[in-house]
Amino acid sequence: MKPLMAAGAVVLALGYGAADAQNGRQIRQDRQDVRQDRREVQRDNRDIRQDRRELAGDRQELNQNIKAGRTNEVKQDRAEIRGDKRELREDVRDRRDDRRDLQKDRRDVRKDQDVRRDKQDVRQDRRELQRDNRDIRQDRRELAGDRRELNQDIRAGRTNEVRQDRRELAGDRRELREDVRDRRDDRRDLRQDQRELQRDERSR
């Protein structure tokens, strides 16, 4: 590998490493947010259950005071019931907001995980492309060497070796075509994974 290409690969690897570390921190933060949201929803549920118990108790007291004809207590009970209903509505609203936050944070976790997988796919595609390029360079070296041997055997009149050289050349060309096809497929995979990475990063 040329020094400039090697340096570029190192810079690219470092850049992806830093981005992956940042993405990992974001996933951990999102998971903490999800746990916090769950605790808040649980607290909301406890508050709502308590509000409903208090409301039921105040209604029971109201009915008892109505039956007993205690006018002042009836007014007080009705004021408390209005307060209980107001607190219940507020706690139900809080729970709805906290559930919405929980759903959003769960989506954030999934999106960050998608980005991490996309980056891993891109890195794997790049490694496969590098391997393809090495295979193609090796195929071309072998093809050039077999051509030289063929020319030498032709000049020397070695008929059997010429036939063998031509078979080897045909095999070299076939391997070269296969490796070029593999590289084309891997480039297509890389472009697809890069598009998915960009799409997932935009949707975060």
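Placed above this text is the structure.
Residues numbered from 1 in each chain as written. Predicted model: local features only at pLDDT ≥ 70, side-chain atom pairs only at ≥ 80, totals over all residues. Heavy atoms only, no water.

**Some words on the overall build of the protein**
Defined as follows: Think of it this way: any DSSP run of H or I at least four residues long counts as a helix, any run of E at least two long counts as a strand, and we number them from the N terminus. Partly exposed residues are those whose accessible area sits between 20% and 50% of the maximum for their type, while under 20% is buried and over 50% is exposed, using a 1.4 Å probe and protein chains only. Only heavy atoms enter the contact rule, under which two residues are in contact if any of them lie within 4.5 Å.
What the protein contains, in helices and strands, is 3 helices and 0 strands. Mapped in sequence order, the helices and strands of the protein form the string α-α-α. Buried residues in the protein amount to 28% of all 204 residues. Counted over contacts in the protein with a minimum sequence separation of 6, partners at least 24 positions apart contribute 79%.

**Quick word on a negative patch on the surface**
Our working definition: Like-charged residues are merged into a patch within 9 Å and nonpolar side chains (Val, Leu, Ile, Met, Phe, Trp, Tyr) within 5 Å, provided each residue has over 30% relative accessible area and no salt bridge. The method behind every accessible area is Shrake-Rupley, applied with a 1.4 Å probe, and residues are considered shielded solely by the protein chains displayed. One side-chain nitrogen of Lys or Arg within 4 Å of one carboxyl oxygen of Asp or Glu is enough to make a salt bridge. When charges are counted, neither His nor the chain ends are considered; positive counts come from Lys and Arg and negative counts from Asp and Glu. By convention, the charge on Lys lies at NZ, on Arg at CZ, on Asp at CG and on Glu at CD.
Judged by side-chain charge, Asp 47, Glu 54, Glu 87, Glu 90 and Asp 94 come together as a negatively charged surface patch. When residues of the negative patch are traced back to their parent elements, those giving at least two are α1 (3–68) and α2 (71–156). Counting residues per element, the negative patch draws most heavily on α2, at 3 residues. You can call Glu 54 partly exposed: its relative accessible area is 32%.

**Overview of the packing of α2 against helix α3 (residues 159–202)**
Stated formally: Only C-alpha atoms enter the line fits that serve as axes; for helices the fit covers just the stretch in contact. Angles between N-to-C directions range over 0 to 180 degrees. Should an angle fall under 35 degrees it is called roughly parallel, over 145 degrees roughly antiparallel, and 65 to 115 degrees roughly perpendicular, with every other angle called oblique. Left-handed describes a crossing in which the near helix is turned anticlockwise from the far one by less than a right angle; the clockwise case is right-handed. As a working rule, the residues Ala, Val, Leu, Ile, Met, Phe, Trp, Tyr, Cys and Pro are called nonpolar, Asp, Glu, Lys and Arg charged, and the rest polar, with Gly in that last group.
Where α2 meets α3, the axes come as close as 8 Å, and the angle between the chain directions of the two elements is 165°. In terms of orientation, α2 lies roughly antiparallel with respect to α3. In this structure, α2 meets α3 at a crossing whose hand is left-handed. In terms of residue class, the contact of α2 with α3 is built from 13 nonpolar, 2 polar and 33 charged.

**Re the environment of Arg 134**
Here Arg 134 is to be found in helix α2. Between the C-alpha atoms of Arg 134 and Asp 179, which are 45 residues apart in sequence, the distance is 9.6 Å.

Coordinates in, geometry out; function isn't part of it.
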